[in-house]
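Summary of the model geometry
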Amino acid sequence: MKGYVLPFFAGLVVCSAGFLALDALLMNLQGLSLIFQQ
Amino acid sequence: MMKARPITRYTTLGLFGLLVCGLGIMFTGFDLSGVLAAEYAPAPKLTAADYPTIAGVNSRVAVWIFAQLHLWFAAFVLAVPIFVFIIEVIGMRTRDKRYDDMAYEFIKVAITAYSLTAILGGALLFSLILFYPHLFNYLAVIFSESMFYYALLFFAESAVLYIYYYGWHWLQGGFRKWVHLTLGLTLNAVGTTLMLLANAWLTFMMSPAGVDGAGVFSGDAWAAIHNFLWNPINIHRFVANIAYGGSIVGAYAAFKFLTAGSKEARAHYDWMGYNANFIAICALLPLPFAGYYLAAEIYAYSQQMGITLMGGIFAWLFIIQAVLIGTLFLSANYYLWCGMGRSDGAKRYTKYIKYIAIVLVGAFLVWFTPHTLVLSNAELKALGGPHHKILGPLGIMPAKNTAVNVMIIFTALSFMFYRRANKIATVNWVNAGNAFQVALFTAGIINIMFLGIYHGYFTNTVYKVAASIPQVLTTVVVIVGSITLDSFIYKNAREVAPLHWGRIPGRAQYALFLLAVAFTWLMGLMGYIRSGIRQHWHVVDIMRDNSTEAFTPTLGYAANVVSVAAIIFMAMVIFVFWIAQVSSNKTLPAGYWKA
């Protein structure tokens, strides 16, 4: 169980941070392109 | 076994490269040889008298059915050589003859279908010339060169296909196999170019280019080909064709499985059905994104066409589309779950299937929840409007995007369970690897839900649409990441026991039939929508349709026409399957021939 719980939470933190970074990057890139178009 | 020397391999590939370059020059060179100085007439302004009536035939329905039947067969015969080529490569790399035999059997089914494609293409051409002569003439002037090259490429396609098929057993081993593979690649290059040309003609009718406001052609054929919707349709059709081709050969394998007389034959066709379903799923997973891109581009080109597409008369056909797409996902998953019975180790995973089924059904329900309900006056009054207060929010695109991404992720999960069913991992970090995989799925699903809910309901419309891109990328990261991790976890894995090919219930084969039928019907209905959004225009805003049939029929009428066409197509497909079976039967009539 110990060998499972720790990697799970570590993985959850790493993956969540990665996905949030991806979201921020893509949404901001699109936001910037909208500003430049205007 | 003799291997081809590198020099001969490179020579073969070099020759192929030259051929591709030649095609490329031909393709991009239309405008170079175009008759730039010629005078072109504006698009004709027609009256009802300009549309011939022949033997009381409804011209629109005739063209509609011939075009649809031609398209179904064309999708099939263009897709089959793509995965036949890939299977042949796998056979060459692994030197497992079963792959080569399976590839040959797939192309054997396609060869009869190829003749029917050509016959139906001819019927479509004649019906267009007879019933819509002015439209055909207008398009033929603009696309004269591409139509000419299309005819040449058609001959090339036929020649390569016949050498590829009839030379299969002749071109075996060493250099000959490389020649055969090169023929397969050439066949695909020519077939795909044919599709791209035909796509240009139909997308020109939706988003005309290379003409002025009156329809006067500028002489630049490349501009007319490379119109706004050309590439979105190219991508969507290319992916969809592969999924469709996989589903039809899956139905063939199911037909052969159910009629097989021996255990060996059942095992063979079970394996074939599994591979066909795998191909169909691989292409089905990116298909909703290709469709979304096409729809977004239609909106970008013309808001009017976009609103007609999903917010107007055709919106309810999208509900049927959603039901059919849900059917595709459910039947593909069901087939995988049944297929786990081939492995003795599957029982470790079967307990999770019910949860996948619950999620898939839940996502399916969100996927086809309509935005605006069709209600009677009394119902409207009772509800307080056409939107249900709880279910209404599920009718908009962010909810659909979230649902389809979840469906795709869980289909990938079904596939991963199937892959794992017969393996036992031997690496010592298996628990940590599994935990990380679960974390990846959990974080991915939370992110998809967050993007769908937050940007879909709490930000402005621009972000609703924009959020679909990170949603798709999240899905891609989850699938690619987990499959990559899986391949490391199961490196040097032990097998539980040899797989029992053929140990699958008969009902799983009906899931394969359902996949093929749902795909066919779906393509017919969506094809009608794509064409129908032109409404009363032959060529949007350029050439008006003034025939007596220039109206949008009721959805019931359209669905009936598509259903009749689908039944005709299925009858023809059964004929193709039967012919493929007959060709391997032999009768030895005793005493008939002279000794």
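These numbers were taken from a predicted model, which means no experiment stands behind them.

So, how was this worked out
- Residues numbered from 1 in each chain as written.
- Chains lettered and ligands numbered in written order.
- Predicted model: local features only at pLDDT ≥ 70, side-chain atom pairs only at ≥ 80, totals over all residues.
- Helix = DSSP H or I, 4+ residues; strand = E, 2+ residues; numbered from the N terminus.
- Buried ≥ 20, exposed ≤ 12 C-beta atoms within 10 Å, placed from the backbone.
- Contact = placed C-beta atoms within 7 Å.
- Axes fitted to C-alpha atoms, helices over the stretch in contact; angles between N-to-C directions.
- Left-handed = near helix turned anticlockwise from the far one by under 90°.
- Nonpolar A, V, L, I, M, F, W, Y, C, P; charged D, E, K, R; others polar.
- Core = buried A, V, L, I, M, F, W, Y, C linked by C-beta atoms within 7 Å.
- Expected span 1.5 Å × (residues − 1).
- Bend = angle between axes of the 7 residues up to and from the residue.
- pLDDT = per-residue confidence, 0-100.
- Parallel < 35°, antiparallel > 145°, perpendicular 65-115°, else oblique.

1. Focus: the overall build of chain A
Assigned secondary structure in chain A consists of 1 helix and 0 strands. Of all 38 residues assigned to chain A, the portion counted as buried reaches 13%.

2. With respect to the overall build of chain B
A count of helices and strands for chain B gives 21 helices and 4 strands. With the principal axes as the frame, chain B shows a C-alpha extent of 80 × 75 × 55 Å. Buried residues in chain B amount to 41% of all 595 residues. Put simply, 83% of the contacts in chain B that link residues at least 6 apart link residues at least 24 apart.

3. Examining the packing of helix H9 (residues 230–259) of chain B against helix H20 (residues 506–532) of chain B
All names here are of chain B. In the contact formed by H9 and H20, the axes pass within 8 Å of each other and the chain directions differ by 145°. Considering the relative orientation of H9 and H20, their crossing is left-handed. Every residue of H20 that contacts H9 at Ala243, Tyr244, Ser247, Ile248, Gly250, Ala251, Ala253, Ala254, Phe257 and Leu258 is listed here: Gly506, Gln509, Leu512, Phe513, Leu515, Ala516, Phe519 and Met523. Of the residues assigned to the contact of H9 with H20, the class counts are 14 nonpolar, 4 polar and no charged.

4. Examining the environment of B:Val179
All names here are of chain B. Within the secondary structure layout, valine 179 lies in helix H7 (residues 174–206). Under the C-beta neighbour-count criterion, valine 179 is labelled partly exposed, with 18 such atoms within 10 Å. A sequence separation of 90 residues divides valine 179 from valine 89, and the C-alpha atoms of the two residues are 12 Å apart.

5. With respect to the nonpolar core
It is characteristic of soluble globular proteins that their nonpolar side chains tend to be buried jointly. Residues and elements named next belong to chain B. Core analysis: the biggest nonpolar cluster contains 163 residues, and Phe76, Val80, Ala243, Met407 and Leu515 have the highest contact counts within it. Ranked by residue count, the leading element in this core is helix H3 (residues 59–94), at 20 residues. Dropping the residues within four chain positions of it, leucine 515 is found in contact with Ser247, Gly250, Ala280, Leu328, Ser331 and Ala332.

6. With respect to helix H14 (residues 347–367) of chain B
Residues and elements named next belong to chain B. Its 21 residues place the ends of H14 31 Å apart at the C-alpha level, agreeing with the 30 Å of an ideal helix rising 1.5 Å per residue. If you look at H14, its biggest bend is around 30°, right at isoleucine 353. Within H14 the residues assigned to the buried category are Leu360, Ala363, Phe364, Val366 and Trp367. Against helix H13 (315–339) and helix H16 (397–420) lie the buried residues of H14.

7. With respect to the interface of chain B and chain A
Reports of interface size often rely on the accessible area that becomes lost once the parts have come together. Contact with chain B, which involves 19 residues of that partner, is made by 15 residues of chain A. At the level of secondary structure, the elements contributing two or more residues to the side of chain B that touches chain A comprise helix H17 (430–457), helix H18 (461–466) and helix H19 (468–489) of chain B. For the side of chain B that touches chain A, the element with the highest residue contribution is H17(B), accounting for 12 residues. Each residue belonging to the side of chain B that touches chain A can be placed in one class, and the counts come to 14 nonpolar, 5 polar and no charged.

8. Observations concerning the confidence of the model for chain B
In this model, chain B carries a mean pLDDT of 89, and residues with pLDDT of at least 70 account for 94%. This prediction of the complex comes with two scores: 0.85 for pTM and 0.85 for ipTM.

9. Observations concerning the environment of B:Pro393
Residues and elements named next belong to chain B. Tracing the backbone through its elements, the reader meets proline 393 in the loop between helix H15 (377–383) and H16. On a C-alpha basis, the gap between proline 393 and valine 366 in space is 9.8 Å, while along the polypeptide they are 27 residues apart. With residues up to four places along the chain from it excluded, the contact list for proline 393 reads Ala399 and Tyr457.

10. Brief notes about helix H4 (residues 97–131) of chain B
The terminal C-alpha atoms of H4(B) lie 50 Å apart, and with 35 residues this matches the ideal 51 Å at 1.5 Å per residue to within 8%. At B:Thr112, H4(B) is bent by approximately 25°, the largest bend along its length.

11. Section: the packing of H16(B) against H19(B)
Two quantities define a packed helix pair, namely the angle between the helix axes and the distance between the axes. All names here are of chain B. The contact between H16 and H19 brings their axes to 10 Å, and the two run at 5°. Taken together, H16 and H19 sit at an angle that is classed as roughly parallel. Here Asn401, Asn405, Ile408, Ile409, Ala412, Met416 and Arg419 of H16 come into contact with H19, specifically with Ser468, Gln471, Thr475, Val478, Ile479, Ser482 and Asp486. Residue composition of the contact of H16 with H19, grouped by class: 6 nonpolar, 6 polar and 2 charged.

12. With respect to unusual backbone geometry
All names here are of chain B. Positive phi, normally seen in glycine, also occurs at asparagine 492, with a value near 55°. When you line up the elements, asparagine 492 lands in the loop between H19 and strand E2 (494–495). Its identity is not glycine, yet aspartate 541 carries a phi of approximately 65°, on the positive side. As for its placement among the helices and strands, aspartate 541 is situated in the loop between strand E3 (537–539) and strand E4 (543–544). Residue classification places aspartate 541 among the partly exposed positions, given that 14 C-beta atoms sit within 10 Å.

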